[in-house]
Every structure is written in C-alpha cells, then in structure tokens.
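# Report on the structure
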There are 2 protein chains.
Amino acid sequence: MSTSGEDNFIFDTIAIVGVGLIGGSLGMAAKRRHIVRRVVGIGRTEQKLMQAKLLGAIDEYSLDLETGASEADLVFVCPPVRNIIPTIEQMASGLKPGAIITDVGSTKSEIVGLAPVAIPESCSFIGGHPMTGSEQGGVEAAFPDLFVGARYVLTPDSETDLMALGKMTEFAEAIGSEVLLMSPEEHDKAAAIISHLPHAMSGALLEVAEIAQRESGKVFPMAAGSFRDLTRITDSTPEIWRDICLTNAGPLCEAIDALRDHLEIFKNIVAAHDEEGILRFFERAKAIRSTYLRITK
Amino acid sequence: MSTSGEDNFIFDTIAIVGVGLIGGSLGMAAKRRHIVRRVVGIGRTEQKLMQAKLLGAIDEYSLDLETGASEADLVFVCPPVRNIIPTIEQMASGLKPGAIITDVGSTKSEIVGLAPVAIPESCSFIGGHPMTGSEQGGVEAAFPDLFVGARYVLTPDSETDLMALGKMTEFAEAIGSEVLLMSPEEHDKAAAIISHLPHAMSGALLEVAEIAQRESGKVFPMAAGSFRDLTRITDSTPEIWRDICLTNAGPLCEAIDALRDHLEIFKNIVAAHDEEGILRFFERAKAIRSTYLRITK
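Residues numbered from 1 in each chain as written. Chains lettered and ligands numbered in written order. Predicted model: local features only at pLDDT ≥ 70, side-chain atom pairs only at ≥ 80, totals over all residues. Heavy atoms only, no water.

## Observations regarding unusual backbone geometry
Residues and elements named next belong to chain A. Operational definition: Numbering of helices and strands runs from the N terminus; a helix is a DSSP stretch of H or I covering at least four residues, while a strand is a stretch of E covering at least two. Residue burial is assigned from relative accessible area. The probe radius is 1.4 Å, only protein chains are included, and a residue is buried under 20% of its type maximum, exposed over 50%, and partly exposed in between.
Positioned with a positive phi, His273 is a non-glycine residue whose angle comes to about 50 degrees. Mapped onto the elements, His273 comes out in the loop between α11 (249-271) and α12 (275-296). On the accessibility criterion, His273 (43% relative accessible area) is partly exposed.

Spelled out as structure tokens, the structure:
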C-alpha cells in the first residue's frame, strides 16, 4: 500500500470513541495500513488515551466528545452497547457534514433504529459489529491484525446511504476482515443464537452444578474438559452482558425457547431409551458442527 | 520409587482390556512408576496390541480374554461403557482368586450393580472413572502422565471389599491422580451435570443454529468464540455418547429438567427487562465459575 499522498486514504481523519481492545485495534489497523491520515482517540481518562497514543493506536486525543469528533470523516463509537446512543447524541452537534458514524455494538436493531435520528441529516449512520475480540479488554490487548480473517457485520436498512455503506465496507475490508451484510433484525436473531444464548446456557449450567455441588461437594472436583469449555464464557463482564440481553430481549427469549424445545425432544428420546434416536442426535450434532467449521474456516 | 524387588510393587501382574488412550496410559504409568511387575494387554486386534507393546504400554498381550486375565491381580476393563459387563462376564471363569476387577466407564450405577454378580466370589469389583482423556483415541495418544493431577473417581458401595478399595486407591494415587470416593449414584448424578448435560446442550444448540443457518445462510459465518467453545465437545464419537446416555438416562433427564428450569427463570427475567435480575444472573455465573476453578486447580 502506498503512502505517497492523501489520495490513497479511504478517510482523511477518523475518530474512535472508546479506545479499548476493539477501538485501539481499529486505530492500529488503520494506521498500519495507511488507509487514514489521522486517528483521533476520544475518552474520559487522559492516562488511557496517552497510553493508546504511546501504543500507536491513535495520533492525538480529546477528552471532549464534540471537539474530538468534529474533524472526523468516520467516527467509530465503541462504548458498551447501551452507551452508544447517548454517546452519539452528545457528539451530534459537533459532527462534520458528510461524516459517517458507525458503532461496534453487539446488538443492532435498537441502535440502528435510534442512531440516524440522533445525528445531523447530512451525516450517515452504518451499524457495525466486528465478530472478534469483545467489548472488554483494554488497549494493552489491542493489535493491528485483530480483524484479519474475521467477519465484520454491517447492518444497513432501507434508509442507509449506499455511498457511506460502500466506504465503510472498503474500510472493513482494508483492515483484513470479510464484510457480512445483514439487516439489523437478521443480525440480532443470529447473535442471539450464536452468542447470547450460549452465555445464558453457560450461566444456567453453572447454577445447576452449583446446587449439586452444595449437596455433595464432589461435583466441581469431578468437572473437567466439557464443563470447563462450556462455562469459560461466563468470565465476561456481567454489566456488558446485562446490556446485551436488555437490548436483544426478544430474539434471546426466542432462542432460549428453541433450545428448550430441542432439549425436550432429546430428553424424551433418552427417557424412552430410543437407541437409534440418541445416536442420530449425536451424529447430527457432529455433522452440523463440521458444516459450521467448514463454513467459518 | 525403588525397583529393588517385588516387594515394592502394588500389584504383581495387571491386565488391561482395551489398550487405547486410557488403557495404554494406565499401562505406561504403571510401568514407568514401577508399581507393577508386568502388564498384560488384552484386545481383539493383534496389530494394535503390538503397537501398544512397542510404545511401552504393555509387556505382553493376549487376544483371549480368559487367558489374558488369568494371571492378573488387577484387571482394568476399558471398553466403551455398554461393553464392560459383557467383557467381565466373558473373562470371569478365568479370573485368579483374589483378583481385583475395575473399570473406567463413564457411568457407574448399572456397572457397579451388575459386575459383582458376574465375577467369582473370591474376586472384588471396584467401579472407577478417571476424569481425564476419553474412551476415544488410540494408544498413539497415550502417555504415562495422563493421570497426574486428575481426579480418579472410585465408586464403592456397601458390598465393596475395603482391602481391594485400599489397594485400588493406592494404585490410583501412585499414578499421580487424586482419588475421589463417591457412591455410584452420586457419581452418575454429578457426571450427568458436568459432562452428559453439556453434550446434550451442545447438540441442541447446534440444532437451533442449523435451523437459523438454513433460513439466512449468515448464522454460521458470524459464529466465533463462544459458539465454537460450546460446540467443541460434539466432535466426540456418537456411539460412545449413545451408550453413556442409555446407561445414565434417569440422572441425565433430571439434569436437563434442571437446566430448563434455570433457563426459564432467566428468560422471564430478560422478558421483564429486569436489569437487576439479569446482572445478578451473570454475576452469579462468574462467581460460581471462579469457585469451580478454585476447587479444581
């Protein structure tokens, strides 16, 4: 990639609100690949922003949302999911005409519904969700190749400006990710199944195990491989998961119902000692898992 | 550990029926630690037994159950769970008076109920389940330290010979594991929760995801970390899991019901947008998980 002139930049200036793992990695990726001229970090803690600058994630920083975002052609809004709309509202009056605003929130319908109303008419909003990293983790963990090979979901709806969508797609591809276009509703339904439901399952499994552990004291000592695997994700930050559930309640509840139905079917097969049925269940699981691995690899 | 004489051996001769990952590692561990004088491997395929000998898992082998087990002071029965009782029945008439028979099956109540009846009165049966490895995997994957730091569940009941239990405990500790004594019923209830239920959950999650994938085609491409973690265990052999479910149907069905109840509670909290309740759910999950990690580490 050439660095000969601004002509090669996808954007001149980008701003990143919330320079943590994802925000920091976005800045590093954009700078390393010379696809933007300048990265402005925005946050509330000067020390963290200074660190982000030292780590090469941003060129300069601002503690003020409006000022920090005012010169940006593209603004990444990276706070936890329920702070995204308030953040956009706060910086809205300072936004440059024509600026594109995008977020990295884990749920999309609510945000994509509210964000366009919160920004000036001359600006465009593109909902986004890079399927990598997490909203946790600080800039210390950021690295420029975080997005390489990852899916980057963009969630246009009927109101979305196609020029802005095109530029955002160009940016996401330039940092190494593969863009997946989905409606906000499609995204939220899929995210409920592949991410939010697993967190609920994991929490429920821990509750079941804890009750048995209290009775015998020997359940946890016995638990190895599969239990460890299935509960690993509960190490996440509870507040972040609360907010994800609150902003995706409908699809999550539907996913829980669907899981319950499949578990119920399996339970009945087991209770009936249906050898063929049990075998088929595990054969199907194995087959679906390999289809999944083939598609994502 | 000294090798100066037979006096230091816990057993003179042990036999291992089914020299795969677990059986092979048992042999290697016993030989490496000089706690037995001789290891006899028993199986149906000469080539596999020759390989086990070459790898140092056994000293000699037999293709005949009765003959192979006839000189053993301790016999490990390592086939998949539903073949354990038939295997014991087949070798019973050849067993040496005073021999201890133990198994490594994933479920215990059925086996511990039937095994003592299948062996001569002069012999003892101790149900066992080392919480490591799996019934899958060949002797190529075996290694002498497989049991180091792992829990080794022994499941005595009121009929169990305490001398035999003591010697079996000594053996399990000598190969580096920590013995956990549980009744067969306690074991099966715990195993249903920490291992069999996770496999059912994983299979049901894959069914839910597959239906959504068929609708949109974008569910699998989006699935990353947590989905991959929660479905990894379905790579196991379906036949083995069929047999585990068939021999532990009651506890497994109860575990599924318990999980369903906890998921239902969580769903209602989410549907009610109960912020405090959702937060508490994830906080509890995180706290239970760290208790678990503290206990098992």
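## Quick notes on the domain arrangement of chain A
Residues and elements named next belong to chain A. Filter applied, for reference: Domain delimitation in this document rests on an assignment produced automatically or drawn from a domain database. Defined in terms of a 1.4 Å probe, buried area is the accessible area two parts forfeit on being brought together, summed over both. Each salt bridge in this description consists of a side-chain nitrogen of Lys or Arg and a carboxyl oxygen of Asp or Glu lying within 4 Å of one another. Throughout this description, a polar contact denotes any pair of N or O atoms lying within 3.5 Å of each other; where both atoms belong to protein, one of them has to be capable of donating a hydrogen while the other can accept it, and for residues adjacent in sequence the pair is counted only when both atoms sit in side chains.
Partitioning chain A into domains gives domain 1 (11-182) and domain 2 (187-295). Centre-to-centre, using C-alpha coordinates, domain 1 lies 32 Å away from domain 2. Taking both partners together, domain 1 and domain 2 bury about 1300 Å²; carbon and sulfur atoms supply 60% of that area. At the surface where domain 1 touches domain 2, the tally comes to one salt bridge. Remark: the boundary between domain 1 and domain 2 carries six residue pairs in polar contact (both at pLDDT 80 or more).

## Description of the pairing of strand β9 (residues 178-181) of chain B
A regular strand carries its side chains on alternate faces of the sheet. Residue and element names in this part refer to chain B. As a reminder, the rule being used: Each pair of strands is called paired provided DSSP finds at least two bridges between the two strands. Note on handedness: a clockwise path from strand one over the helix to strand two, with the strands aimed away from the viewer, defines a right-handed crossover.
Judged from the four bridges that link them, strand β8 (residues 151-154) and β9 form a sheet pairing that is parallel. Paired with Arg151 across the two strands is Glu178, which belongs to β9. Running through helix α6 (residues 162-174), the crossover from β8 to the neighbouring parallel element β9 is right-handed.

## Remarks on the sheet that holds strand β2 (residues 36-42) of chain A
Residues and elements named next belong to chain A. This is how it is decided: Only C-alpha atoms enter the line fits that serve as axes; for helices the fit covers just the stretch in contact. Angles between N-to-C directions range over 0 to 180 degrees.
Read from one edge of the open sheet, six strands run β3-β2-β1-β4-β5-β6, paired in parallel fashion. Two strands in the sheet have a free side with no partner beyond their single neighbour: β3 (60-62) and β6 (124-126). Taken over all neighbouring pairs, the strand axes of this sheet differ in orientation by 25 degrees on average, direction set aside. In terms of strand pairing, strand β1 (residues 11-17) meets strand β4 (residues 74-77) through four bridges, oriented parallel. The partner of Ile16 across the bridge, within β4, is Phe76.

## Details of the pattern of salt bridges
On inspection of all chains with the given rule, the structure shows 48 salt bridges over all chains. For A:Glu186, the salt bridge is made with B:Lys218, and the minimal N-O distance between the two is 3.7 Å. Here B:Lys218 lies in the loop between α7 (184-216) and α8 (219-222) and A:Glu186 lies in helix α7 (residues 184-216), a pairing that spans two chains. On the basis of relative accessibility, which here comes to 28%, the residue A:Glu186 falls in the partly exposed class. The shortest N-O distance in the salt bridge between B:Asp229 and B:Arg232 comes to 3.2 Å. With a relative accessible area of 13%, B:Asp229 lands in the buried category. By relative accessible area, which is 32% here, B:Arg232 ends up partly exposed.

## Brief notes about the packing of aromatic side chains
Definition in use: A pair of aromatic rings is counted whenever rings of Phe, Tyr or Trp (Trp by its six-membered ring) have centres within 6.5 Å, and the orientation is called stacked for planes under 30 degrees apart, edge-to-face for over 60 and tilted otherwise. In this scheme, the term charge over a ring applies when either NZ of a lysine or CZ of an arginine sits within 6 Å of the ring centre and within 35 degrees of the ring normal.
If you walk through the whole model with that rule in mind, you get 20 aromatic pairs over all chains. For the ring pair A:Tyr292 and B:Phe227, a centre distance of 4.8 Å and an interplane angle of 85 degrees mean the geometry is edge-to-face. With A:Tyr292 in helix α12 and B:Phe227 in helix α9 (residues 225-231), the pair connects residues from two separate chains. Exposure class is identical for A:Tyr292 and B:Phe227. Each is buried. Aromatic rings pair up to connect A:Trp241, B:Phe266, B:Phe281 and B:Phe282 into one cluster. Directly above the ring of A:Phe11 sits A:Lys167, whose terminal nitrogen or CZ lies 4.5 Å from the centroid.

## A closer look at α6(B)
All names here are of chain B. Short version of the rule: The span one expects for a helix is its residue count, reduced by one, times 1.5 Å.
In a regular helix each residue adds 1.5 Å, so 13 residues correspond to 18 Å; α6 covers 18 Å between its end C-alpha atoms and thus fits that length. Where α6 is concerned, the buried positions are Ala164, Leu165, Met168, Thr169, Phe171, Ala172 and Ala174. Immediately beyond the C-terminal end of α6, within one or two residues, lies Gly176, with a positive phi of roughly 100 degrees.

## Examining the sheet that holds strand β4 (residues 74-77) of chain B
Residue and element names in this part refer to chain B. Stated precisely, the cut-off is as follows: It only takes one pair of heavy atoms within 4.5 Å for two residues to be counted as in contact.
Taken in spatial order, the six strands of this open sheet run β3-β2-β1-β4-β5-β6, and their pairing is parallel. Edge positions in the open sheet fall to β3 (60-62) and β6 (124-126), since each of these has one partner strand only. Each strand axis lies, on average, 25 degrees off the axis of its neighbour in the sheet, ignoring direction. When strand β5 (residues 100-103) meets β6, the two strands line up parallel, connected through three bridges. Residue pairing across strands places Ile101 opposite Phe125, the latter belonging to β6. On top of the sheet, helix α2 (residues 46-54) reaches β2 (36-42) and β3; it is set at about 165 degrees to β3, its chief contact.

## Topic: the relation of the copies chain A and chain B
To keep it simple, the criterion reads: Copy-to-copy superposition: least squares on the C-alpha atoms, limited to residues that have pLDDT of at least 70 in both copies.
Rotating chain A by 180 degrees and translating it 0.0 Å along the rotation axis places it on chain B, where the RMSD comes to 0.1 Å. The transformation relating the two chain copies, once decomposed into turn and shift, fits a two-fold axis. By C-alpha distance to the rotation axis, the residue of chain A lying nearest is A:Leu230, at 2.6 Å. Comparing interface residues between copies, 100% of those in chain A also sit at the interface in chain B, which points to an isologous, same-surface contact.

## Considering the side chain of A:Lys108
Residue and element names in this part refer to chain A. Among the secondary structure elements, Lys108 is positioned in the loop between β5 (100-103) and α5 (109-118). Here Asp103 takes part through its side chain, which lies 2.8 Å from a polar atom of the side chain of Lys108. There is a polar contact of 2.8 Å between the side chain of Lys108 and the backbone oxygen of Gly105.

## Some details on the environment of B:Ile194
Relative to the helices and strands, B:Ile194 resides in helix α7. Sequence separation between B:Ile194 and B:Gln90 is 104 residues; the distance between their C-alpha atoms is 32 Å. Those residues in contact with B:Ile194 that lie beyond four places of it in its chain are A:Val219, A:Met222, A:Ala223, A:Ala224, A:Ser226, A:Phe227 and B:Met131.

## Examining the confidence of the model for chain A
Rules: For every residue, the pLDDT score states the predictor's confidence, bounded by 0 at the bottom and 100 at the top.
Per-residue confidence for chain A averages 94 on the pLDDT scale, and 96% of its residues sit at or above 70. For this predicted complex, the interface confidence comes out at an ipTM of 0.92, alongside a pTM of 0.92.

## A closer look at the interface of chain A and chain B
Opposite the 89 residues of chain A that make contact, chain B presents 89 residues. Both sides together, the interface formed by chain A and chain B hides about 8900 Å², and carbon and sulfur atoms give 72% of it. Contact with chain B buries surface across chain A, with A:Met222, A:Arg289 and A:Tyr292 losing the most and accounting together for 9% of the total. Viewed at the interface, chain B and chain A are joined by 18 salt bridges. Our enumeration of links across chain A and chain B arrives at 31 residue pairs in polar contact (both at pLDDT 80 or more). Listing elements by their share of the side of chain A that touches chain B, those giving two or more residues are β8 (151-154), β9 (178-181), α7, α8 (219-222), α9 (225-231), α10 (238-246), α11 and α12 of chain A. Among the elements that line the side of chain A that touches chain B, the one with the most residues is α7(A), at 26 residues.

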